[in-house]
Amino acid sequence: QVQLVESGGGLAQAGGSLRLSCAASGRTFSYAMGWFRQAPGKEREFVAAISWSGGNTYYADSVNGRFTISRDNAKKTVYLQMNSLKPEDTAVYYCAAGTSNDYSSLKIERGYDYWGQGTQVTVSS
């Protein structure tokens with residue numbers, strides 16, 4: 001069993017930056033990790049994912065080049081550095097943990113076994 005707790009959300013201006021953190025509890029952190037987001041009235045969508053080792057990262061086209069996912073396995077924490085924020089990045093951001101390292105699994109919700117409660121990110125224009 002893994003519990004995930006996100007933090008770091010808040011209000012930012014367009015062009016600004018935020019860094020989200022997701023701390024995991026449990027005996028092991030041997031999971032691939034992902035970030036998803038859900039804007040009001042929209043379905044939850046994939047943002048970024050990172051393999052267990054950190055050697056492979058994947059991004060949605062909408063954030064590629066602006067967001068960076070990373071992890072510190074010693075701290076059981078995954079991060080999402082968000083730069084050049086846009087109003088359309090406004091959403092609740094969720095982190096998730098899964099056992100597969102395949103991109104085909106990591107880009108969809110059912111590829112994950114555990115989810116955090118989410119953190120709100122609001123970007124003003």
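Scroll up to find the structure.
Residues numbered from 1 in each chain as written. Predicted model: local features only at pLDDT ≥ 70, side-chain atom pairs only at ≥ 80, totals over all residues. Heavy atoms only, no water.

Caption draft 1: Quick look at the overall build of the protein chain. Helix and strand counts for the protein chain come out as 1 helix and 11 strands. The N-to-C order of helical and strand elements in the protein chain reads β-β-β-β-β-β-β-β-β-α-β-β. Taking the principal axes of its C-alpha atoms as reference, the protein chain extends roughly 40 × 25 × 25 Å. Sorting the 125 residues of the protein chain into buried and exposed places 45% on the buried side. Nonlocal contacts in the protein chain, meaning residues at least 24 apart in sequence, comprise 59% of its contacts between residues at least 6 apart. Summed over its atoms, the accessible surface of the protein chain is roughly 6300 Å², and 44% of this surface lies on carbon and sulfur atoms. Put simply, the protein chain has 12 plus and 10 minus side-chain charges, and the middle of one group is 5 Å from the middle of the other. (Helix = DSSP H or I, 4+ residues; strand = E, 2+ residues; numbered from the N terminus. Buried < 20%, exposed > 50% of the residue type's maximum accessible area, 1.4 Å probe, protein only. Contact = heavy atoms within 4.5 Å. Areas by Shrake-Rupley, 256 points an atom, 1.4 Å probe, with all protein chains shown as cover. Lys, Arg positive; Asp, Glu negative; His and termini not counted. Charge placed at Lys NZ, Arg CZ, Asp CG, Glu CD.)

Caption draft 2: Representation of unusual backbone geometry within the structure. Of note, Lys76 is a non-glycine position whose phi angle comes to about 55°, a positive value. Considering the arrangement of structural elements, one finds Lys76 in the loop between strand E7 (67–72) and strand E8 (77–82). A positive phi angle, close to 50°, is found at Ser84, a residue other than glycine. Positionally, Ser84 belongs in the loop between E8 and strand E9 (91–98).

Caption draft 3: Quick peek at the sheet that holds E8. Ordered by their spatial adjacency, 4 strands build an open sheet running E1-E3-E8-E7, and the pairing between neighbours is antiparallel. Of all the strands in the sheet, just strand E1 (3–7) and E7 have a single pairing partner and so form its edges. Going across the sheet, the axis of each strand differs from the next one's by a mean of 15°, ignoring polarity. Relative to strand E3 (residues 18–25), E1 runs antiparallel, the two sharing 5 bridges. (Pairing = 2+ DSSP bridges. Axes fitted to C-alpha atoms, helices over the stretch in contact; angles between N-to-C directions.)

Caption draft 4: Fine view of the nonpolar core. Ranked by internal contacts, the top residues of the largest apolar core, which has 38 residues, are Leu4, Met33, Trp35, Leu80, Met82 and Tyr93. Among the secondary structure elements, those contributing two or more residues to this core are E3, strand E4 (32–38), strand E5 (45–50), strand E6 (57–59), E7, E8, E9 and strand E11 (119–124). With near-sequence residues (within four places) excluded, Leu4 lies in contact with Cys22, Ala23, Ala24, Met33, Cys95, Ala96, Ala97, Tyr114, Trp115, Gly116 and Gln117. (Core = buried A, V, L, I, M, F, W, Y, C linked by side-chain atoms within 4.5 Å.)

Caption draft 5: View of the pattern of salt bridges. Under the defined criterion, the tally for this structure stands at 4 salt bridges. Salt-bridge contacts for Arg37 lead to Glu45; the nearest nitrogen and oxygen are separated by 2.7 Å. One connected set of salt bridges, linked through shared partners, spans Arg37, Glu45, Arg66 and Asp89. (Salt bridge = Lys/Arg side-chain N within 4 Å of Asp/Glu carboxyl O.)

Caption draft 6: Molecular detail of the packing of aromatic side chains. In the structure shown here, the tally under the stated rule is 7 aromatic pairs. Aromatic side chains Phe36 and Tyr112 sit 5.3 Å apart centroid to centroid with 85° between the ring planes, which places their arrangement in the edge-to-face category. Of this pair, Phe36 sits in strand E4 while Tyr112 sits in the loop between helix H1 (103–106) and strand E10 (114–115), placing them 76 residues apart in sequence. Accessibility assignment for this pair places Phe36 and Tyr112 in one class, buried. Taken together through their ring pairs, the aromatic side chains of Phe36, Phe46, Tyr58, Tyr103, Tyr112 and Trp115 make up a single cluster. (Phe/Tyr/Trp six-rings, centres within 6.5 Å; stacked < 30°, edge-to-face > 60°.)

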